[in-house]
Structure formats: structure tokens, C-alpha cells
Amino acid sequence: MAKVLLKGVSKEFGKVIAVKDFTLDIKDGEFIILVGPSGCGKTTTLRTIAGLEEASAGEIYIGDKLVNDVPPKNRDIAMVFQNYALYPHMNVYKNMSFGLRLRKVPKPEINKIVRRTADLLGIGELLDRKPKELSGGQRQRVALGRAIVRDPRVFLFDEPLSNLDAKLRIAMRAELLDLHQRLKTTTIYVTHDQLEAMTMGDRIVIMNEGVIQQVDTPQVVYDHPVNRYVAGFIGSPSMNFLSPTIVKENGNFYAADKDYKLKIPGDKAKLLKDYVDKEVVLGVRPEHIDTKATKRDHDPGGVFSASIWVVETLGSEKLVHIRSGEKYTLIARLDPHADIKTGETVEFVANMNLSHVFDKETEEIVF
């Protein structure tokens, strides 16, 4: 195992800056997630750590060793790719043992390591099969096994579950977490799926356009996003955004538009003294919107009227798309038994204690 340190790492492809001034200290044994949309630089960062791309600037340390000029095969890392990258002409045993054979490990030792790892991953009975005879989940386990047998100091995962169906992805997420808890190997995992990031990482690194936006535990990122981008990226369905003006009346602050007037709680209102009569961005998550009829202990300052546009019944919950005036379409996450119908107008209540306000110009969080 080893810690990984990136100091001011940048990667340029001609005039395109793929990664900019990336600085991150990954603890020994930590499971870290790089997450963001396609093209945000997360895979390029991973490939730079692996040595498959050369950093244009900055320093990369694995353990206490600077590895910028160390070739990939000598960095003591193992990488698992999105497409598994198995040799089609080799059976499972030969795929898993390939790296050990290159390192001239004695055959008895190879046999012991491969079979022990195959049993760990539940693929012991598949060792004689070729990749084409395996399901997607089995191929992914073989790719994992090939990485594990090397006993690397760092695991690098590049969207390893994206080719699996939804049900298998959930199962493999649990297996990867269980595997990490047993092996305790430092792991850097790339995904564009924020649900994977939230459920798997000790910490998550949210990236956009090659730049780190926020690094923290999943819960802190969810509860305290540093800017509008992070707030909108983390959470499914994503946060609702409104564009009210802050007004002050009788000592109270309100986020107001012609279709609603929502009272800002007192402990947060003091942060808005410089925003009076200015437009801001108000963010409210779907799970923080309920119907007035259901939420009997609601704050009257959070009530607004909206019409029901679309209702998605998911069994465990209802996702209700609502329209507040002409400008806004919001999503509310409601109890599955909520008695609402498309087309009717309902009084909703937003939990303003859990809302967020962002500066309209900088998109940085106010609270």
C-alpha cells in the first residue's frame, strides 16, 4: 500500500488543457473517487498517475518516490479498464497469471496466487474458459483478478462498471467495496456516475473542465456544495434552481419572484445583507419539497403554489414534475402514496432551512 500525492499536475494536448493545477493528497489505503462529466479530465488524470500520459507540469509521488520519469511497469500500480482489456486467445487462468509470468514468478507460486484470487472473486470454476465464454460481470471479475494478483501498491479503476447492466452494477459496487475493505489497497476510481461516487468513495473529487471543484466526503459534498456546479452535479434527481431577487421587508429576508415569495431563515438571512434587491440562484433539492397537506409541521414561509405537470411513480417514491409560473419546472420527491394528479394546482412547501443560495455572477455558495 502507498499514499499518492499530486502537486500542481497539469496535462496539455497542444492548446487544449485537459487537467489544470491538480493537487491532491491521497492517504494510504484510501478509496478516492474522481467524478465528473465526460471530458472533465478525470481519465487523463488517472492515466497520468499510471504513467500512460506524461504530465505537462507538476509532480506525482507514489509512496515517497517521485515517479514522473518512472515507466508505468515500474510504478507498482495495477489498472482496470472500462473494456476489461482481456486477451481473447487466453483462458482466464492465463489472463490472470500473465503479469506474474512476465515477472518470472515461479510456476507453483503463480498457481497458488491465481487460484486463491479466483476463489476470492468467485470465479474459481471459470479458469479454463476464454473471455468470449464469459458474461460481462465475469469478465470484470477476471480483470479485477489480473490486477489483484500483482499485489500492487495502488489500484487504478477507469469506469470499470459502465458496461454492466444496472442490476449487476449495484452488485459489483458492493463487491468492490468488500474487496477494498479486505485488501486495504489505495484505490483511485474514475466514474461519471455520481451515484457510484456517493456510495463508494471515502472522499470524492468533483472535476469540471480539468479543474478540481471540491474534495470531501460524499455527505459533506452533498450537504455543503461549494458552488452551483457541485450542487447540481451531486444528487439524483439534481437540485432545483430558481432565480429570485432577495428582498427585505420588516426585518425579514425573502427570495422572491412574481410566482413565489420564500422566507429565508433568520440564521441564514444575515448572510444576504449585501444581496438585497439583487438576483441570486436559489437551490432546493427534490427531497426538500413536499406538499403542504402532507407536511403538517411546515414553515409557512416556504409555501408556494405549483401545477402538476408529470408524475413518475417509482414504487418507493413519486417524482413529481411541477411548474411554478411560466419560468420554472421543478422536481419534488414525494411519498409514493401522495394523492396528486396531473394538471391540478397544489400548495407545496420548500424546506428553506436546507436550501442553498449561490452568487449569480461567481456561482459560489453564499450558504
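About the criteria used
- Residues numbered from 1 in each chain as written.
- Predicted model: local features only at pLDDT ≥ 70, side-chain atom pairs only at ≥ 80, totals over all residues.
- Heavy atoms only, no water.
- Helix = DSSP H or I, 4+ residues; strand = E, 2+ residues; numbered from the N terminus.
- Buried < 20%, exposed > 50% of the residue type's maximum accessible area, 1.4 Å probe, protein only.
- Contact = heavy atoms within 4.5 Å.
- Pairing = 2+ DSSP bridges.
- Domains from an automatic or database assignment.
- Buried area = accessible area lost by both parts, 1.4 Å probe.
- Phe/Tyr/Trp six-rings, centres within 6.5 Å; stacked < 30°, edge-to-face > 60°.
- Lys NZ or Arg CZ within 6 Å of the ring centre and 35° of its normal.
- Axes fitted to C-alpha atoms, helices over the stretch in contact; angles between N-to-C directions.

Caption draft 1: The arrangement of the environment of Arg 129 in detail. Position of Arg 129 relative to the elements: it lies in the loop between α3 (107-121) and α4 (136-148). Of the residues examined, Arg 129 reaches a relative accessible area of 35% and is grouped as partly exposed. For Arg 129 and Met 90, which are 39 residues apart along the polypeptide, the C-alpha to C-alpha distance reads 8.4 Å. Excluding anything up to four places from it in sequence, Arg 129 contacts Asn 91, Val 92 and Leu 134.

Caption draft 2: The pairing of strand β19 (residues 328-334), seen in detail. A large share of β19 lies buried, amounting to five of its seven residues. The sheet contact formed by strand β18 (residues 318-324) and β19 spans seven bridges and is antiparallel. Among the inter-strand pairings, Ser 324 is bridged to a residue of β19, identified as Tyr 328. In this antiparallel pair of consecutive strands, β18 and β19, the connection spans three residues, and Gly 325 shows a positive phi of 70°.

Caption draft 3: Layout of the domain arrangement of the protein. By the assigned domains, the protein splits into domain 1 (4-233) and domain 2 (240-359). Taking the mean C-alpha position of each, domain 1 and domain 2 sit 40 Å from one another. Of the residues lining the interface, seven residues belong to domain 1; the matching set on domain 2 comes to six residues. Summed over both sides, the interface between domain 1 and domain 2 buries roughly 670 Å², with carbon and sulfur atoms accounting for 57% of that surface. Contact with domain 2 buries area across many residues of domain 1, yet Tyr 222, Arg 228 and Ala 231 alone supply 74% of it, more than any other trio.

Caption draft 4: Summary view of the packing of aromatic side chains. With the rule as written, the count across this model stands at eight aromatic pairs. Relative to Phe 157, the ring of Phe 155 has its centre 5.9 Å away and its plane inclined at 50°; by these criteria the two rings are tilted. Take Phe 155 and Phe 157: they sit in the same class, and that class is buried. The ring of Phe 13 carries the charged tip of Lys 11 above its face, separated from the ring centre by 5.0 Å.

Caption draft 5: Quick look at the sheet that holds strand β2 (residues 16-26). Pairing is antiparallel in the open sheet, where four strands are placed in the order β2-β1-β4-β5. Because the sheet does not close on itself, it has two edges, and the strands there are β2 and β5 (65-66). As paired elements, strand β1 (residues 4-13) and β2 share seven bridges and run antiparallel to each other. Counted as the bridge partner of Phe 13 is Val 16 from β2. Sitting on the sheet, helix α1 (residues 42-50) is in contact with β1, β2 and β4 (57-62), with an inclination near 115° to β1.

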